[in-house]
Amino acid sequence: MEDSRINKSSWNKVCATLVQQARQKNNLTFRDLAELIKQKTSIDIEPNNLANRVNRGNFSASLLLAAFFAMEEPLPRSNELENIVVKVFEQP
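Residues numbered from 1 in each chain as written. Predicted model: local features only at pLDDT ≥ 70, side-chain atom pairs only at ≥ 80, totals over all residues. Heavy atoms only, no water.

Trainee: Hey, could you go over the UniProt feature "domain: DUF6471" (unreviewed entry) in the protein chain for me, with residue numbers and the actual values?
Mentor: UniProt records the feature "domain: DUF6471" (unreviewed entry) at residues 11–72, using the numbering of this structure. Within residues 11–72, the helical portion is 76% and the strand portion 0%, while the C-alpha atoms at the span's ends are 23 Å from each other. (UniProt positions renumbered as here; feature names shortened; annotations may be inferred. Helix = DSSP H or I, 4+ residues; strand = E, 2+ residues; numbered from the N terminus.)

Trainee: Describe the packing of helix α2 (residues 30–41) against helix α4 (residues 61–70), and please don't skip the residues or the numbers.
Mentor: Between α2 and α4, whose axes approach to 9 Å, the crossing angle comes to 90°. Taken together, the axes of α2 and α4 lie roughly perpendicular to each other. Seen from α2, the contacting residues are Leu33, Leu36, Ile37, Lys40 and Thr41; seen from α4, they are Leu63, Ala66, Ala67, Phe69 and Ala70. Class assignment of the residues belonging to the contact of α2 with α4 gives a composition of eight nonpolar, one polar and one charged. (Axes fitted to C-alpha atoms, helices over the stretch in contact; angles between N-to-C directions. Parallel < 35°, antiparallel > 145°, perpendicular 65-115°, else oblique. Contact = heavy atoms within 4.5 Å. Nonpolar A, V, L, I, M, F, W, Y, C, P; charged D, E, K, R; others polar.)

Trainee: So, unusual backbone geometry: which residues are in play, and what are the values?
Mentor: One non-glycine residue, Ser42, adopts positive backbone phi at about 70°. Classification of Ser42 by relative accessible area gives exposed; the value is 65%. Phi angles above zero are rare outside glycine, and Glu72 is one such case at about 55°. (Buried < 20%, exposed > 50% of the residue type's maximum accessible area, 1.4 Å probe, protein only.)

Shown next, in the form of structure tokens:
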């Protein structure tokens, strides 16, 4: 993957897509997810702040893991992750 369009922004989109897909799969609003994160990890994040971070794709790996842990969602397998990466990187 040596495409000049692939950069940090592309990887941010991959992370955002992962959280969005898991959130939608579990029928959670950002308010629901923020509450779950607070209950299960003690990370206190406002729903609007969470939504902004996810929508921008600008959040830490610790928040990514906390979100998956809070949703009791397994991290994607390598083939699932590869599919998401390919779709994001193919976008103009």
